[in-house]
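Below, each chain spelled out in residue letters.
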Amino acid sequence: MCPVTYKGLADVLDRYGVPFSLLKGTKDIWCRDYMPLQMTDHEFVAFGYRPDYLMDTAAHRKSITDGYEVAHINGFDHVHDRRDIILDGGNTVHSGKKVILTDKVFEENPVLSHDYLCQRLRMSLGAEPLFVPWDANEIYGHTDGVVRFIDEDTVLMTNYAQLDSKMASRFRRCLEPHFKTIHELRFDIKKPYKNNWAYINWLQMDKVLILPKFNAPEDEQAFEQISTLMPEYEGKIETVEATDLIRHEGCLNCASWTVYEPEEGPRWEL
């Protein structure tokens, strides 16, 4: 479906010695959203994947993948079933102690009270849920296109301030009580690339950080800003051409599922 992006990723992962494979039994490429989240070295938790943006037509409903079943098909047996809670994986930006979600999760689970859903998320994710507003102009309601962790006390937002300053301010107000530093990507470009939000949707592993590139002037500026903020990846930041992937409204994090296996190291799956 996206041969240019796939080849670029495969080449980088091979070069860094990161094992990878294709997931069996999936119905679309957005595996970050439906695959289980990893909680411990060998345990995962699967949420319900029934997004409202795929419920409008029979064809869309037919494209929905059950990540709980796919995990078992691919040999992951220690998966806790939390499919009674509707939650896309792309709406979970996770660190060790915190997880950032848009408040769309409350609309997706209307039968659960606010407090009860927070408690269930806290227990299931093993982290404190922090909520930012859902920009209803963006139907998916995912945080992985908006913000990423630099460390436990520092986050990086995409260039929201240049796209919608009021929404960017709302995000900041929600994040400021929980983080010492909030950085924002900014691009000094006369004719901005329409998908320049997507640099934040990188693919991160222990051995390498992979940024998308789009043959746009912002490519170099994004690389410089992210490299400066993440010195631990010095010499280990790569870029991959992702123009064929971004056409489908998602990028590298959206189309990948990362698994940490302590005896073998990280593994990447598409």
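Preceding this section is the structure that the text describes.
Residues numbered from 1 in each chain as written. Predicted model: local features only at pLDDT ≥ 70, side-chain atom pairs only at ≥ 80, totals over all residues. Heavy atoms only, no water.

Before we move on, could you go through the overall build of the chain and cite the residues and values that matter?
A count of helices and strands for the chain gives 10 helices and 15 strands. Computed over the C-alpha atoms, the radius of gyration of the chain is 18 Å, within 12% of the 18 Å expected from 2.2 N^0.38 for a compact globule of 270 residues. C-alpha extents for the chain along the principal axes are approximately 45 × 40 × 40 Å. Considering the chain as a whole, with its 270 residues, one finds that 52% of them fall into the buried category. Taking the intrachain contacts of the chain between residues at least 6 apart in sequence as the baseline, contacts between residues at least 24 apart amount to 73%. Roughly 13000 Å² of accessible area belongs to the chain as shown, and the carbon and sulfur atoms make up 51% of that amount. (Helix = DSSP H or I, 4+ residues; strand = E, 2+ residues; numbered from the N terminus. Rg over C-alpha atoms; globule rule 2.2 N^0.38 Å. Buried < 20%, exposed > 50% of the residue type's maximum accessible area, 1.4 Å probe, protein only. Contact = heavy atoms within 4.5 Å. Areas by Shrake-Rupley, 256 points an atom, 1.4 Å probe, with all protein chains shown as cover.)

Provide a residue-level description of helix α6 (residues 114-125), including the pertinent values.
With 12 residues, α6 extends 16 Å between its outermost C-alpha atoms, agreeing within 8% with the 16 Å of an ideal straight helix rising 1.5 Å per residue. Gly126 sits one or two residues past α6 and shows a positive phi near 65 degrees. (Expected span 1.5 Å × (residues − 1).)

Quick rundown of the pairing of strand β3 (residues 44-48)? Include the residues and the values.
Where burial is concerned, most of β3 is hidden: 5 out of the 5 residues are buried. Between strand β2 (residues 37-38) and β3, which pair antiparallel one after the other, the connecting turn spans 5 residues. Bridge count between β3 and strand β4 (residues 79-86): 5 bridges; the pairing is parallel. Among the inter-strand pairings, Val45 is bridged to a residue of β4, identified as His80. (Pairing = 2+ DSSP bridges.)

Please provide a residue-by-residue account of the sheet that holds β3, values included.
Spatially, 3 strands are ordered β2-β3-β4 in an open sheet, and the strand pairing comes out mixed. A single partner strand is all that each edge strand has here, and the edge strands are β2 and β4. Note that β2 and β3 share 2 bridges and pair antiparallel. Bridging from a neighbouring strand, Gln38 pairs with Phe44 of β3. Strand contacts of α6: β2, β3 and β4, with the helix running at about 155 degrees to β4, the strand carrying the most contacts. (Axes fitted to C-alpha atoms, helices over the stretch in contact; angles between N-to-C directions.)

Just geometry here; none of it tells us what the structure is for.
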